[in-house]
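Residues per chain are reported as follows:
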Amino acid sequence: MSAEPSKTNAYSEIAMGAVKENVGWAVGNKQMEAEGLARKEKGNAELEAAKAEQRAIGTKDQVKGNIKEAAGNVLGNEQWQAEGKADQLKGDARKAANQ
């Protein structure tokens, strides 16, 4: 596992673990089956960590967008208002994609 959680690496671990688990089951090798299950669970844990990280980034984008839009409203700056709204939508999308 790399230093930061990665969805790509997580899905790879899940797939490789599932293959090893099923091969172990098919040949009657309980150790191989258990190792595959452990690898699959490691992948699931990394996937959840990667999703949590992305949800946190989405929250940061939402907050940044709220602040920028509010500043644009106060100052009458339409560009800041639009950029703030865009950041909020970006944050919404990132959070929704990582539920």
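See the structure shown above.
Okay, so let's go over this structure. (Residues numbered from 1 in each chain as written. Predicted model: local features only at pLDDT ≥ 70, side-chain atom pairs only at ≥ 80, totals over all residues. Heavy atoms only, no water.)

Its 46 residues give helix H2 (residues 30–75) an end-to-end C-alpha distance of 67 Å, which sits within 8% of 68 Å, the value for a rise of 1.5 Å per residue. Here H2 has its buried residues at Glu 33, Gly 36, Gly 43, Glu 46, Leu 47, Ala 50, Lys 51, Gly 58, Asp 61, Gln 62, Gly 65 and Gly 72. In this fold, the buried residues of H2 make contact with helix H1 (7–27) and helix H3 (78–97). Where H2 starts, the residue carrying a side-chain oxygen 3.1 Å from the main-chain nitrogen of Gln 31 turns out to be Asn 29. Gly 76 occupies a position one or two residues after H2 and carries a positive phi of about 70°. (Helix = DSSP H or I, 4+ residues; strand = E, 2+ residues; numbered from the N terminus. Expected span 1.5 Å × (residues − 1). Buried < 20%, exposed > 50% of the residue type's maximum accessible area, 1.4 Å probe, protein only. Contact = heavy atoms within 4.5 Å. Polar contact = N/O pair within 3.5 Å; in protein donor to acceptor, adjacent residues only side chain to side chain.)

In this section: the side chain of Lys 51. Positionally, Lys 51 belongs in helix H2. Despite being buried, Lys 51 has no salt bridge partner; Glu 48 is the closest side chain of opposite charge, sitting 4.1 Å away. Reaching out from Lys 51, the side chain makes a polar contact with the backbone oxygen of Gln 99 at a distance of 3.4 Å. Setting aside chain neighbours within four positions, we find Lys 51 in contact with Lys 7, Asn 98 and Gln 99. (Lys, Arg positive; Asp, Glu negative; His and termini not counted. Salt bridge = Lys/Arg side-chain N within 4 Å of Asp/Glu carboxyl O.)

This paragraph deals with the environment of Thr 59. With respect to the helices, strands and loops of the structure, Thr 59 is situated in helix H2. Separated by 31 residues in sequence, Thr 59 and Lys 90 place their C-alpha atoms 9.6 Å apart.

For the rest of this paragraph, the subject is H3. With 20 residues, H3 should cover 28 Å at 1.5 Å per step; its first-to-last C-alpha distance of 29 Å lies within 8% of that length. Along H3, the residues that are buried comprise Gly 84, Asp 87, Gln 88 and Gly 91. For H3, the buried positions fall inside an angular range of 100° around the axis, keeping them on one side. Residues of H3 that are exposed and point more than 90 degrees away from the buried face comprise Glu 78, Gln 79, Ala 96 and Ala 97. (Arc of directions from axis to C-beta.)

Glancing now at the packing of H2 against H3. Running from N to C, H2 and H3 point in directions that differ by 160°, and their axes come no closer than 7 Å. The angle between the axes of H2 and H3 places the two elements in the roughly antiparallel class. By crossing handedness, the relation of H2 to H3 is classed as left-handed. (Axes fitted to C-alpha atoms, helices over the stretch in contact; angles between N-to-C directions. Parallel < 35°, antiparallel > 145°, perpendicular 65-115°, else oblique. Left-handed = near helix turned anticlockwise from the far one by under 90°.)

In this structure the tally under the stated criterion is eight salt bridges. Lys 40 serves as the salt-bridge partner of Glu 21, at 2.7 Å between the closest nitrogen and oxygen. Highlighted residues: Glu 21 in helix H1 and Lys 40 in helix H2, separated in sequence by 19 residues. Its relative accessible area of 15% is what places Glu 21 among the buried residues. Salt bridges linked by common partners bring Lys 60, Asp 61 and Arg 94 together as one network.

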